[in-house]
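Read off the chains here:
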Amino acid sequence: MQTRWHARLMLALLLAPALLWLGALIILPHLDLALLSLRQRTGPQQYVSSLAQYRTFFHEPLYWHVFVRTAVMSVVSTLFTLLVAFPIAWIIAKILQGRASSLLFIVCLVPFWVSETVRTLGWMILLRESGVLPALLVKLGLTAVPVEFLYRDATIMLGLVYTSMLFMLVPLVSSLESLDNSLIEAAYDLGASGASILRTIVIPHAAPGITAGCIIVFMLTLGNYLTPTLLGGKNSEWFTEQIYTQFITRFNWEQGAAFGFLLLGLSTAMVMIGLRLAGQRFGDVMRRT
Amino acid sequence: MTKGRTLKRIAIWIWLGSVCAVSAHAADSQKLRIISWADYVPAEVVAAFKKETGITVELTLSNNEEMISKLRATHGAGYDLAQPSQDRITGPQRDFGIYKPIDLSKVKLGQFQLGLLDIVRRNTTLNGQQYALPYLWGTDGLVVNTKRAKAADYLDLCKPDLAGKTSIRLRRPTLMAFAFAMGKDPFALYSDTKAYSALMDQVGAKLIACKPNFKFFYDNKDQLLNGIRSGEVLAAMMWDTGGWTLNRENPDIQFIVPKSGALGWLDTYALPARGRNDAGAYAWINYTMRPEIAAKITKSVGSFSAAQNTGPLLDPKLKAQFAAAFPDSVVKAIHWYPSIPPGLEEIEGKVLDRVKAAN
């Protein structure tokens, strides 16, 4: 009896920080934001509750253009990340053995010891007009004058894929490692081609890992602020930037809060659609990560 | 099993961390917390101030919008002294109540230049109470690499031969500057929301047409300085002393007062509503307005102090640069920002958003 009571107390104590964290830093602020997003300023320190903030979003084409653009680019960059990460994960999990495999994994990990800001600034040094890559292209005679690589959509995409690589790699490696090699060998023995093995054995087995990686990368990308702003420059137009602008430079917290909830709704909807398409259950997927 | 154990360990560490964080919080009355712009509070002056008064200055770097937003979030707590621009005080004060009035009896007003004191008194008085005092001022104009480009007014930034080689800040001063360059006076329309909105739409259309010419919209000083130094940017809207700093490194780069007139900004001292060390703040204000300290600050920041009698103490090079750019007639033609009436920033915000999103 004593030990059970003891165990319960221990559990409560251990859970307390997490619950406090969840309540004080996630649930309460969201409630506050929800209330904020549902009111409108009518005069100095006067507010009435209204749906005006959400109406503005739908009436001003500018805002939903940016919203849709952010969603589409996030999806595309998630797919790119998957395409880049999958072969690497395969090499780490299946082709290399022991030390070589850990080494490659560490090589992928090392850049993430540096903060995202520094990594993004590194890209800026490489790609800016007076930077390394344009100078190299001129030297090789490929371009007559230095080309500006920054401030383009493709650059934003590159930055986003690079930033979120690791978060795709980890779940992919762990789900591929659990795939029994003998299944693949058996398939080869039975005369299956590489493509059909990939389609019927590897991808179904790795599906929870793929889905988990995609969800994490998609959410990180959608909510990314730094990379689109720094690499996209005058044409970045990321929705998070719009939220920041509303809150900080326009003092329009009501509009910012409404935008925040729209973004939350978007990411929830996209994750649900993704799970449905992949035929996965949310709980199973999250256990894999 | 190992997974469970790691989780437990992490949970314990978080628990310990939160306990330590709570106990580490202690009050300190000998501390003056200032939120200000980059370079505005030179380390040298902070050290001398501590020596004389025993007060330690704690500095947070910011800009107008962030200062207001931070103070709004805490209802005016967290800092003992803020330094917003003079036109951005009554608006936020009316809406959010983030400042407390200045007690003029605690300030040595004789140390201030009367003209600047007047502007600030006019623009920061709300319900009969004054909310700010002048600190530093300067003007916005054009910085041009004269060897490779020519520009005499803001609209020249849109000339085809400068395509991709110019830069502006996507903020309200740029809207004002372009409005003046287009021959309009935005300040005269401050009270006529409809006409003002129409004017801003015109300015927005102009900026959108001009957008391919801008290499980037700069967000901070270093981004612009690097752009100009590397030659990626040949002409930009910038403040005077930034241009003079670049001029000392490369004589080809010059600050030019636009034909349509320079825009004068004036940053202030203001007391956050729930600041804890007003005595320290007043001591700092009186200290930094002493002519010899003010001259030191001017030398370090490069912007001009609102203090009197700093003339003989200033760096002759800076004085010469100022005299060359601003003969008396030009000083008289400076457009000073009037206090912003409510609602205008919303109009400007939408225009700025449209420019940002345009292709």
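Owing to the predicted nature of the structure, the values given are computational and were not obtained by experimental measurement. (Residues numbered from 1 in each chain as written. Chains lettered and ligands numbered in written order. Predicted model: local features only at pLDDT ≥ 70, side-chain atom pairs only at ≥ 80, totals over all residues.)

Caption draft 1: Representation of the overall build of chain B in the model. Within chain B, the regular secondary structure consists of 14 helices and 15 strands. Computed over C-alpha atoms, the radius of gyration of chain B comes to 23 Å, within 12% of the 21 Å expected from 2.2 N^0.38 for 359 residues, which places it in the range of a compact globule. By its C-alpha atoms, chain B is 65 × 65 × 45 Å across when sized along the principal axes. For chain B, with 359 residues in total, the buried portion stands at 43%. Counted over contacts in chain B with a minimum sequence separation of 6, partners at least 24 positions apart contribute 77%. (Helix = DSSP H or I, 4+ residues; strand = E, 2+ residues; numbered from the N terminus. Rg over C-alpha atoms; globule rule 2.2 N^0.38 Å. Buried ≥ 20, exposed ≤ 12 C-beta atoms within 10 Å, placed from the backbone. Contact = placed C-beta atoms within 7 Å.)

Caption draft 2: Representation of the overall build of chain A in the model. Helix and strand counts for chain A stand at 13 helices and two strands. Of all 289 residues assigned to chain A, the portion counted as buried reaches 31%.

Caption draft 3: Up close: the sheet that holds strand S1 (residues 31-36) of chain B. Taken in spatial order, the three strands make up an open sheet running S2-S1-S3 (chain B), and their pairing is parallel. The open sheet terminates on both sides in strands that have one partner only, identified here as strand S2 (56-61) and strand S3 (81-82) of chain B. (Pairing = 2+ DSSP bridges.)

Caption draft 4: Region of interest: the pairing of S2(B). Residue and element names in this part refer to chain B. Sheet topology places S1 next to S2; six bridges connect them, and they run parallel. Following the sheet pairing, Lys 31 is matched in S2 by Thr 56. Taken together, S1, helix H2 (residues 43-53) and S2 form a β-α-β motif whose crossover is right-handed. (Right-handed = clockwise from strand over helix to strand, strands pointing away.)

Caption draft 5: Spotlight on the domain arrangement of chain B. Residues and elements named next belong to chain B. In terms of domain boundaries, chain B breaks down into domain 1 (31-136 + 265-314) and domain 2 (138-264 + 339-357). The distance between the C-alpha centroids of domain 1 and domain 2 comes to 27 Å. With 13 residues of domain 1 in contact, the opposing surface of domain 2 contributes 11 residues. Those elements that provide at least two residues to the side of domain 1 that touches domain 2 are helix H4 (90-96) and strand S12 (263-269). The dominant element in the side of domain 1 that touches domain 2, judged by the number of residues it contributes, is H4, at three residues. Residue composition of the side of domain 1 that touches domain 2, grouped by class: five nonpolar, five polar and three charged. (Domains from an automatic or database assignment. Nonpolar A, V, L, I, M, F, W, Y, C, P; charged D, E, K, R; others polar.)

Caption draft 6: Inspection of the nonpolar core at higher detail. A:Ala89, A:Leu172, B:Leu81, B:Val143 and B:Ala236 are the most contacted members of the largest nonpolar core, which totals 127 residues. In terms of residues, this core owes the most to one element, helix H7 (residues 153-177) of chain A, which gives 12 residues. Among the domains, domain 1 (31-136 + 265-314) and domain 2 (138-264 + 339-357) of chain B are the pair contributing at least three residues each to this core. Apart from the residues within four sequence positions on either side, A:Ala89 is in contact with A:Leu169, A:Leu172, A:Val173 and A:Leu176. Counting residues in hydrophobic clusters, the runner-up holds 11 residues, among them A:Trp238, A:Phe247, A:Trp253 and A:Ala258. (Core = buried A, V, L, I, M, F, W, Y, C linked by C-beta atoms within 7 Å.)

Caption draft 7: Fine view of helix H12 (residues 253-278) of chain A. All names here are of chain A. For H12, built from 26 residues, the straight-helix expectation of 38 Å at 1.5 Å per residue is met to within 8% by its first-to-last C-alpha distance of 37 Å. Buried within H12 are the following residues: Trp 253, Glu 254, Gln 255, Gly 256, Ala 257, Ala 258, Phe 259, Gly 260 and Leu 262. Gly 279 sits one or two positions beyond H12 and adopts a positive phi of about 65°. (Expected span 1.5 Å × (residues − 1).)

Caption draft 8: Seen up close, the pairing of strand S7 (residues 133-145) of chain B. Residues and elements named next belong to chain B. Across the 13 residues of S7, 13 count as buried, placing the element largely inside the fold. Alignment of S7 against strand S11 (residues 253-256), held across four bridges, turns out to be antiparallel. Bridge pairing links Leu 142 to Ile 256 in S11.

Caption draft 9: Quick peek at the interface of chain A and chain B. On the side of chain B, 25 residues touch chain A, which itself brings 19 residues to the contact. Elements represented by at least two residues in the side of chain A that touches chain B include exactly helix H1 (2-37), helix H3 (61-95) and helix H11 (239-249) of chain A.

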